[in-house]
Amino acid sequence: MAGNRTFTMIKPDAVKNGHIGAILEQINASGFRIVAMKLTQMTKRDAETFYGVHSERPFFGELVEFMTSGPIVAAILEKDNAVEDFRTLIGATNPAEAAEGTIRKKYATSIGENAVHGSDSDENAKIEGDFHFAGREMF
Ligand code: DAT
Ligand code: MG
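Residues numbered from 1 in each chain as written. Chains lettered and ligands numbered in written order. Predicted model: local features only at pLDDT ≥ 70, side-chain atom pairs only at ≥ 80, totals over all residues. Heavy atoms only, no water.

## As for the packing of aromatic side chains
Two aromatic rings, taken as a pair, are described by how far apart their centres are and by the angle between their planes.
Piece 1. Scanning all chains against the criterion turns up four aromatic pairs.
Piece 2. Ring centres of Phe50 and Tyr51 lie 5.0 Å apart, and the angle between their planes is 75 degrees; this geometry places the pair in the edge-to-face category.
Piece 3. Tyr51 gets classed as buried once you look at its relative accessible area, which sits at 7%.
Piece 4. Three or more aromatic residues joined by ring pairs form one cluster here, namely Phe7, Phe50, Tyr51 and Phe131.
Piece 5. Sitting over the ring of Phe133, Lys38 keeps its end group 4.7 Å from the ring centre.
Piece 6. The ring centre of Phe32 lies 5.6 Å from the NZ or CZ of Lys79, which sits over that ring. (Phe/Tyr/Trp six-rings, centres within 6.5 Å; stacked < 30°, edge-to-face > 60°. Buried < 20%, exposed > 50% of the residue type's maximum accessible area, 1.4 Å probe, protein only. Lys NZ or Arg CZ within 6 Å of the ring centre and 35° of its normal.)

As structure tokens, then:
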């Protein structure tokens, strides 16, 4: 059975470009409830751990540098079928390939600076949410 929570980050590019409000509006309008949320900045070590699965990829250094370059909005979201529905809402990793109306199509600047993160499985949603939030910060 599909789980009902996912984890997201509004990435440094979208925060810098003033898109926090519009992105949260679209997330809410799409039926997601905010369970936890904060403005925070990842350290180099945080980003290397969070994206550890990509450590051998050629873009890893760039990814860590970008994700630590400024504040992000981290959030846990709740909805039936949350992981899959949220991936649909954000669109493809490369904004050039993202469907019309998706968050990445509207707000991402490039494949590397693509405005939002969305967990890719229920298991990772739990790991990623727990990475950023203590139990007392989840509602
Ligand atoms: P997603 O964020 O859609 O789950 P991913 O897990 O494959 O994509 O990659 C994580 C992040 O790494 C992605 O959001 C942006 C960056 N990235 C992925 N592929 C890249 C590439 N070819 N060049 C530069 N950055 C890339
Ligand atoms: Mg991913």
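## Re the site of ligand 1
Piece 1. Every residue lining ligand 1 is accounted for by Lys11, His54, Phe59, Leu63, Arg87, Thr93, Arg104, Ile111, Gly112 and Asn114.
Piece 2. Lys11 is positioned such that a nitrogen or oxygen atom in its side chain is 3.0 Å from an oxygen atom of ligand 1.
Piece 3. Interatomic distance of 3.0 Å between a side-chain N/O atom of Arg104 and an oxygen atom of ligand 1.
Piece 4. Isolated, ligand 1 exposes 520 Å² of accessible area, and the fraction of that covered by the protein chains is 78%.
Piece 5. When atoms are counted within 2 Å of each cavity's grid points, the one that captures over half of ligand 1 is the largest pocket. (Near = heavy atom within 4 Å. Polar contact = N/O pair within 3.5 Å; in protein donor to acceptor, adjacent residues only side chain to side chain. Areas by Shrake-Rupley, 256 points an atom, 1.4 Å probe, with all protein chains shown as cover. 1 Å grid on protein atoms, 1.4 Å probe; cavity = no way out; pocket = protein on both sides within 12 Å on 5 of 7 lines; lining within 4 Å. Sits in = over half its atoms within 2 Å of the grid points.)

Honestly, that's just the spatial picture; any functional story needs more than this.
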